[in-house]
Amino acid sequence: MICQEILDIPTLGSFNMHGSLLPYYRGRCPVNWAIIHGESKTGATLHYMVKAADAGDIVDQEQVEIKITDTAGVLMNKINNAAQRILKRQLTLLK
């Protein structure tokens, strides 16, 4: 976890890209947990970083479908692609 002193350095905030549709599957291994629990969807979430894990305000999200045949690697690739699309949508606004 990052201490508050570090999080306070950027005056406009710090951001994180998380591999789930927050607030679901906060914390570690969100891809694995989505598969283990038999979810039909997950995604990527861009959010502000705060001291608590994956608890900051959400900036943007994009959903991806989980197919019954998806492995963690396949699903991670889908989430990575969704994360890239989120960054393309948000980067200019964040600047």
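Just above, that's the structure.
Conventions used here
- Residues numbered from 1 in each chain as written.
- Predicted model: local features only at pLDDT ≥ 70, side-chain atom pairs only at ≥ 80, totals over all residues.
- Heavy atoms only, no water.
- Helix = DSSP H or I, 4+ residues; strand = E, 2+ residues; numbered from the N terminus.
- Rg over C-alpha atoms; globule rule 2.2 N^0.38 Å.
- Buried < 20%, exposed > 50% of the residue type's maximum accessible area, 1.4 Å probe, protein only.
- Contact = heavy atoms within 4.5 Å.
- Pairing = 2+ DSSP bridges.
- Axes fitted to C-alpha atoms, helices over the stretch in contact; angles between N-to-C directions.
- Patch = residues over 30% accessible without salt bridge, like charges linked within 9 Å, V, L, I, M, F, W, Y side chains within 5 Å.
- Areas by Shrake-Rupley, 256 points an atom, 1.4 Å probe, with all protein chains shown as cover.
- Salt bridge = Lys/Arg side-chain N within 4 Å of Asp/Glu carboxyl O.
- Core = buried A, V, L, I, M, F, W, Y, C linked by side-chain atoms within 4.5 Å.

(A) Examining the overall build of the chain more closely. Helix and strand counts for the chain come out as 3 helices and 3 strands. Its C-alpha atoms give the chain a radius of gyration of 14 Å, within 12% of the compact-globule value 12 Å for 95 residues. In terms of its C-alpha atoms, the chain occupies a principal-axis envelope of roughly 45 × 25 × 15 Å. Scored against the burial criterion, the 95 residues of the chain give a buried share of 32%. Sequence separation of 24 or more characterises 60% of the internal contacts of the chain that already satisfy a separation of 6 or more.

(B) Structural detail: the pairing of strand β2 (residues 41–48). By the criterion of burial, β2 is predominantly enclosed, with 6 of the 8 residues buried. With 4 bridges connecting them, strand β1 (residues 15–18) and β2 associate as antiparallel partners. The partner of F15 across the bridge, within β2, is Y48. Here β2 runs beside strand β3 (residues 58–65); their pairing, made up of 7 bridges, is antiparallel. What sits directly across from G43, in β3, is Q63.

(C) Quick look at the sheet that holds β1. Taken in spatial order, the 3 strands make up an open sheet running β1-β2-β3, and their pairing is antiparallel. A strand with exactly one partner marks an edge of an open sheet, and here the two such strands are β1 and β3. Taking the axes of each pair of neighbouring strands and ignoring which way they run, one obtains an average angle of 10° across the sheet. Contacts between helix α3 (residues 72–94) and the sheet are confined to β1, β2 and β3, with β3 contributing the most and set at about 150° to the helix.

(D) Fine view of a nonpolar patch on the surface. On the surface, I2, I6 and I9 cluster together to form a nonpolar patch covering roughly 270 Å² of accessible area. For I2, the position within the fold is in the segment before α1 (4–7). Taking the relative accessible area as the measure of exposure, I2 reaches 37% and is therefore partly exposed.

(E) Main features of the side chain of Q90. Locating Q90 in the fold gives a position in helix α3. Sequence-distant contacts of Q90, that is, excluding residues within four places in its chain, are made with L46, V59 and D60.

(F) Spatial organisation of the nonpolar core. Residues Y25, V31, A34, A44, L46, V64, I66, L75, I79, A82, A83 and I86 constitute the largest nonpolar core, which totals 12 residues. Every element with two or more residues in this core is listed here: α2 (30–36), β2 and α3. Residue contributions to this core peak at 5 residues, all from α3. When residues no more than four places from it in sequence are discounted, the contact partners of Y25 are H18, S20, P30, W33, A34, H37 and E39.

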